[in-house]
Amino acid sequence: MTLRVGVVGVGNIGSIHAGVYKDHAKTELVAVCDIVKEKADAAAHKYGCRAFYSVREMLESGIQLGACSVATKGEENGGEHYEPTMELLAAGIPVLGEKPISNRIDEGERMVALAKEKHMPYGVNLNHRFTPAAKRAKDWIESGRLGKLHMINMKMWINNPVETSPWFHLRALHPHSFDVIRYFCGDVKRVGAFMMKGEGRTIWSNTQIILEFANGAIGNLVGSYDAGASYGLERCEVAGANGRFVLEDACEELTFYPRWSIETESYSYLGGMRHFNETFKSRISHWIEQLDAGTAYNQINGSGEDALKAQYLIEAAIRSFETSTIVEL
């Protein structure tokens, strides 16, 4: 059965969601919604579907929806996710939200709680984990190829000149970083953070965060909004008792380094994925496939709960920096 879907918020990222739904064999894009009428109308014309200007209007129209993406933005890129997500979940519609889940922990907690109460699938676009290379690396960990995990070194940085809240860099970028960290190494036990402002910046645009995991592993995150295009997007290194892997730029290069041998194993563009931009299609398609398969609400990959846990880590890092203490989770 074809899944009838809508997209709420049709800016740049919402248009990517709409395009994936439009082209996917198992979905029919039937609605777009934006509080800016011109955006909604333009998207409806482009994708051949109905335009709405509020979630309430869309729900009251009687249109049948099997799922919706919420790609709104707002303060710190997460300030406008809460209301449309709550309206859709309350109406019994599965939601794929954009990151961060919210720039406010209390809102994120209420969204996750409502999805659980309603038994509604609720995912977040934590797309960095949805690459063939990340899946291969995860398989290596789960099969024991690395042995007992020792450490993770994660780096994610871009050039973003936007100056809003002091914590814009942390709350808008690093839901991705912390999700990748948790995806590979599990829950974090303790957090310590250091930050600085780049030249001419008013926000904390650079950070180094140290981590201790529940399983005993240790690690760190390097993050910046002052990085050049030549720096690359991200680099993740995970080391264990028997070997380590290095994953470059989310999907482009993956190498395994055995501890007891000099023979390495390398892959370029696993699964034919060549660029980070392709991860949106990969993640949204995975969401579609899980809904099509009837996956239980509490088995969604890249769930709202995963996104909330990443946000807890961000707030712990902020608290650590503000108080010059190690924060326990």
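Check the entry above for the structure.
What counts, and at which threshold
- Residues numbered from 1 in each chain as written.
- Predicted model: local features only at pLDDT ≥ 70, side-chain atom pairs only at ≥ 80, totals over all residues.
- Heavy atoms only, no water.
- Axes fitted to C-alpha atoms, helices over the stretch in contact; angles between N-to-C directions.
- Helix = DSSP H or I, 4+ residues; strand = E, 2+ residues; numbered from the N terminus.
- Parallel < 35°, antiparallel > 145°, perpendicular 65-115°, else oblique.
- Left-handed = near helix turned anticlockwise from the far one by under 90°.
- Contact = heavy atoms within 4.5 Å.
- Nonpolar A, V, L, I, M, F, W, Y, C, P; charged D, E, K, R; others polar.
- Pairing = 2+ DSSP bridges.
- Core = buried A, V, L, I, M, F, W, Y, C linked by side-chain atoms within 4.5 Å.
- Buried < 20%, exposed > 50% of the residue type's maximum accessible area, 1.4 Å probe, protein only.
- 1 Å grid on protein atoms, 1.4 Å probe; cavity = no way out; pocket = protein on both sides within 12 Å on 5 of 7 lines; lining within 4 Å.
- Points joined across faces, edges and corners; volume = space filled by probe spheres on them.
- Salt bridge = Lys/Arg side-chain N within 4 Å of Asp/Glu carboxyl O.

Student: An account of the packing of helix H1 (residues 12-23) against helix H8 (residues 279-292) is requested, with residue identities and associated values reported.
Tutor: Contact geometry for H1 and H8: axes closest at 10 Å, N-to-C directions at 55 degrees. In this view, H1 runs oblique relative to H8, as classed from their interaxial angle. Our pair here, H1 against H8, has a crossing hand that is right-handed. Here Ile 13, Ile 16, His 17, Val 20 and Tyr 21 of H1 lie close against H8, whose contacting residues are Phe 280, Lys 281, Ile 284, Ser 285, Trp 287 and Ile 288. For the contact of H1 with H8, the residue count by class is 8 nonpolar, 2 polar and 1 charged.

Student: So what's going on with the sheet that holds strand E7 (residues 149-157)? Residues and values would help.
Tutor: Taken in spatial order, the 9 strands line up as E14-E13-E12-E11-E7-E10-E9-E8-E15 in an open sheet, and their pairing is mixed. The open sheet has two edge strands, strand E14 (265-268) and strand E15 (327-328), and neither has a second partner. In terms of strand pairing, strand E11 (residues 234-240) meets strand E12 (residues 243-248) through 5 bridges, oriented antiparallel. Among the inter-strand pairings, Cys 236 is bridged to a residue of E12, identified as Leu 247. Its contacts with the sheet place helix H9 (residues 304-323) against strand E8 (188-196), strand E9 (206-213) and E15, and it is angled at close to 55 degrees to E8.

Student: With reference to specific residues and values, describe the pairing of strand E13 (residues 253-258).
Tutor: As defined by bridge partners, E12 adjoins E13 across 6 bridges and the pair is classed as antiparallel. Looking at the pairing, Gly 243 lines up with Pro 258 of E13. Turn length for the E12-E13 hairpin, with the two strands adjacent in sequence and antiparallel, is 4 residues, and the turn residue Asp 249 shows positive phi of about 50 degrees. Pairing of E13 with E14, which is carried by 4 bridges, proceeds in the antiparallel orientation. Opposite Thr 255, over in E14, you have Ser 266 as the bridge partner.

Student: Which residues make up the nonpolar core, and what are the values?
Tutor: One finds Phe 178, Phe 184, Ile 209, Val 238 and Phe 245 to be the most contacted residues of the largest nonpolar core, which totals 46 residues. Setting aside residues up to four positions removed in sequence, Val 238 forms contacts with Ile 141, Leu 146, Leu 149, Met 151, Ile 152, Phe 184, Cys 185, Gly 243, Arg 244 and Phe 245.

Student: Let's hear about the layout of surface pockets: which residues, and what values?
Tutor: Each pocket or cavity is described by its volume, and for the largest pocket that value is around 1,100 Å³. Lining the largest pocket are 41 residues; nearest its centre among them are Ile 13, Ala 71, Thr 72, Lys 73 and Glu 98. For the lining of the largest pocket, the elements supplying multiple residues, two or more each, are H1, helix H3 (55-60), helix H4 (82-90) and helix H7 (168-185). It is H1 that contributes the most residues to the lining of the largest pocket, 4 residues altogether. Across the lining of the largest pocket, the residue classes break down as 18 nonpolar, 14 polar and 9 charged. When its volume is computed, the second largest pocket comes out at roughly 270 Å³. If you trace the second largest pocket, you find 13 residues lining it, with Val 112, Lys 116, Tyr 297, Asn 298 and Glu 305 closest to the centre. Those elements giving two or more residues to the lining of the second largest pocket turn out to be helix H5 (105-118) and H9. Of the residues forming the lining of the second largest pocket, the biggest block, 4 residues, is contributed by H5.

Student: Tell me about the packing of H7 against H9, and please be specific about residues and values.
Tutor: Running from amino to carboxyl end, H7 crosses H9 at an angle of 115 degrees, the nearest separation of the two axes being 8 Å. H9 is crossed by H7, and the crossing has right-handed handedness. Where H7 approaches H9, its residues Leu 170, Arg 171, His 174, Pro 175, Phe 178, Asp 179 and Arg 182 are matched on the opposing element by Asp 306, Lys 309, Ala 310, Gln 311, Leu 313, Ile 314, Glu 315 and Ile 318. Of the residues assigned to the contact of H7 with H9, the class counts are 7 nonpolar, 2 polar and 6 charged.

Student: So what about the pattern of salt bridges? Which residues, and what values?
Tutor: For the structure on display, the rule yields 21 salt bridges. Among the salt bridges present, the one from Glu 248 reaches Arg 235, with a minimum N-O distance of 2.9 Å. Highlighted residues: Glu 248 in strand E12 and Arg 235 in strand E11, separated in sequence by 13 residues. Of the residues examined, Glu 248 reaches a relative accessible area of 27% and is grouped as partly exposed. On the basis of relative accessible area, Arg 235 is assigned to the partly exposed category, the value being 30%. A network of salt bridges, in which partner residues are shared, links Arg 129, Asp 179, Arg 182, Asp 187 and Asp 306.

Student: Give me the lowdown on the pairing of strand E4 (residues 67-70), citing residues and values where you can.
Tutor: Here E4 shows no split at all, with Ala 67 and Ser 69 on one side and Cys 68 and Val 70 on the other all buried. Where strand E1 (residues 3-8) lies against E4, 4 bridges are found, and the strand directions are parallel. Looking across to E4, one finds that Val 8 is bridged to Val 70.

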